[in-house]
Amino acid sequence: MRRRIKSCCSRLCRLPAGKGAAALALALALLPGCGGGKDDGLRIGVALYTQDDTFISTVAQNLEGIVREAEGETGRQITLFIADGRSSQATQMDQVDRFLSRGCDVLCVNLVDRTAAAVIADKAEAEGVPLIFFNRQPVEEDIRRWDRIYYVGASAQESGALQGELVLDAWQADRETLDRSGDGVLQYVMLEGEPGHQDSLLRTEYSVKALTDAGVEVEKLGNETANWNRAQAAARTAQWLEEFGDGIEVIFSNNDDMALGAIDALAETERSRWPLIVGVDATAPAREAVAAGQLYGTVHNDSRGQAQAMMDLALALWNGEDPAQAVDLEEGHYVWLPYRAVTLANLEEFQEG
Ligand code: BGC
């Protein structure tokens with residue numbers, strides 16, 4: 001990726017999770033008024049769908065770190081205003097309105113509800129404020145509403161395929177161990193993320209497709225949404241363990257937090273043999289689980305790369321430069337970060353994020 005950080009020097013304004021509208025109002029009251037001009041520095045409003053999500057809070061932490069690093073490189077001030085949407089689109093809409101009315105120069109929005117993108121896009125365009133959606137991908141029609149709307153993310157299909165290939169490799173390397181029932185069919189359960197999220201839909205589909213495309217016969221014993229959440233995943237897995245016992249050969253999980261929930265449920269049962277478990281994200285706790293041999297593998301979701309791309313885009317837009325010179329921009333609107341498969345074999349390459 002091309003990187004051109006031209007200006008920096010930062011202030012951070014983090015809105016604590018759970019403090020709600022009062023905290024947001026207080027922080028936004030500190031925002032300088034509109035029309036402050038470039039001398040006041042770059043002000044970026046970052047709206048998170050919830051700060052309680054492990055992956056999203058990692059992106060936010062990376063963004064803060066990148067702003068701090070940038071501080072040393074140029075003489076300009078960058079202020080991040082981070083708002084927690086607490087899984088409410090109405091709350092996030094209010095936060096976006098405040099970011100706009102108080103003069104943010106660029107918005108980064110991690111939508112609560114992907115279908116709300118058009119309304120936010122129109123608000124940003126009306127104020128002439130560039131808008132970067134991230135992680136929760138709006139439909140293409142919404143991205144194309146205005147030429148200063150962008151999406152920074154990673155291909156959901158790619159993450160599913162890589163996850164499936166991890167299981168395929170294990171099947172091909174040691175089929176006898178994986179196929180405990182010895183019936184030549186791979187029995188699995190699927191822990192799904194939030195319904196309607198592109199990553200839930202496509203990871204679910206493409207993980208299994210990687211196996212069936214390679215000629216592996218599979219049997220789905222169960223699939224349930226656990227909304228990206230560790231505790232919900234533990235509860236679903238506990239039910240499956242009661243129902244299917246050792247019949248489960250693989251647990252696919254649309255993200256690492258839910259894979260860790262499955263591990264929690266298995267640890268409770270004190271089984272000697274566990275199914276093979278795979279996640280997505282390569283968060284710090286998931287990497288520990290890989291190191292401990294509990295999680296067979298995961299797929300690195302590049303939180304730092306996504307944060308860096310947002311910062312590079314924001315700076316270019318603010319400086320009035322061509323964003324395509326700052327990031328690898330596809331079709332004028334999209335920045336795609338690659339996924340990478342992670343197992344014990346290459347774990348040491350993934351120590352950050
Ligand atoms: C991540 C999940 C996260 C979700 C939030 C996905 O890309 O893999 O861990 O919960 O984004 O939108």
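Bear in mind the structure is a predicted one, so any value in this text is a computation, not a measurement. (Residues numbered from 1 in each chain as written. Predicted model: local features only at pLDDT ≥ 70, side-chain atom pairs only at ≥ 80, totals over all residues. Heavy atoms only, no water.)

With that out of the way, let us pick up the packing of aromatic side chains. Enumeration according to the criterion identifies four aromatic pairs in this entry. With a centroid separation of 6.4 Å and 65° between ring planes, the pair formed by Tyr151 and Tyr334 is classed as edge-to-face. Here the residue Tyr151 occupies a position in strand S6 (residues 149-153), and Tyr334 occupies one in strand S12 (residues 334-336), the gap between them amounting to 183 residues. Judged by relative accessible area, which is 4%, Tyr334 ranks as buried. A centroid spacing of 5.4 Å and a plane angle of 90° characterise the contact between Tyr188 and Phe252, whose relative ring orientation is edge-to-face. Taken together, the residues Tyr188 in strand S7 (residues 185-192) and Phe252 in strand S9 (residues 250-253) connect sequence positions 64 residues apart. The pair formed by Tyr188 and Phe252 is uniform in burial state, with each residue classed as buried. In this structure, Arg136 is placed above the aromatic ring of Tyr49, and the distance from its NZ or CZ to the ring centre is 3.7 Å. (Phe/Tyr/Trp six-rings, centres within 6.5 Å; stacked < 30°, edge-to-face > 60°. Helix = DSSP H or I, 4+ residues; strand = E, 2+ residues; numbered from the N terminus. Buried < 20%, exposed > 50% of the residue type's maximum accessible area, 1.4 Å probe, protein only. Lys NZ or Arg CZ within 6 Å of the ring centre and 35° of its normal.)

A separate point is the site of the ligand. Looking at the ligand, the residues that line it are Tyr49, Asp53, Phe55, Asn135, Arg136, His197, Asp199, Arg203, Trp228, Asn255, Asp281 and Asn301. One of the side-chain nitrogen or oxygen atoms of Asn135 is found 2.6 Å away from an oxygen atom of the ligand. Note that an oxygen atom of the ligand is positioned 2.6 Å from one of the side-chain N or O atoms of Asp199. For the ligand, whose unbound accessible area comes to 310 Å², protein coverage reaches 99%. For the shell around the ligand, the two domains that each supply at least three residues are domain 1 (12-153 + 302-337) and domain 2 (156-300). (Near = heavy atom within 4 Å. Polar contact = N/O pair within 3.5 Å; in protein donor to acceptor, adjacent residues only side chain to side chain. Areas by Shrake-Rupley, 256 points an atom, 1.4 Å probe, with all protein chains shown as cover. Domains from an automatic or database assignment.)

Looking down a regular strand, the side chains alternate between one sheet face and the other. Burial within strand S2 (residues 42-48) is extensive, with seven of its seven residues counted as buried. Every second residue of S2 is oriented toward a common face, with Leu42, Ile44, Val46 and Leu48 on one face and Arg43, Gly45 and Ala47 on the other, all of them buried. Here S2 pairs with strand S3 (residues 78-84) via seven bridges, running parallel. Bridge pairing links Val46 to Ile82 in S3. Where S2 and strand S4 (residues 106-109) come together, four bridges link them in parallel fashion. In the strand pairing of S4, Gly45 is matched with Leu107. (Pairing = 2+ DSSP bridges.)

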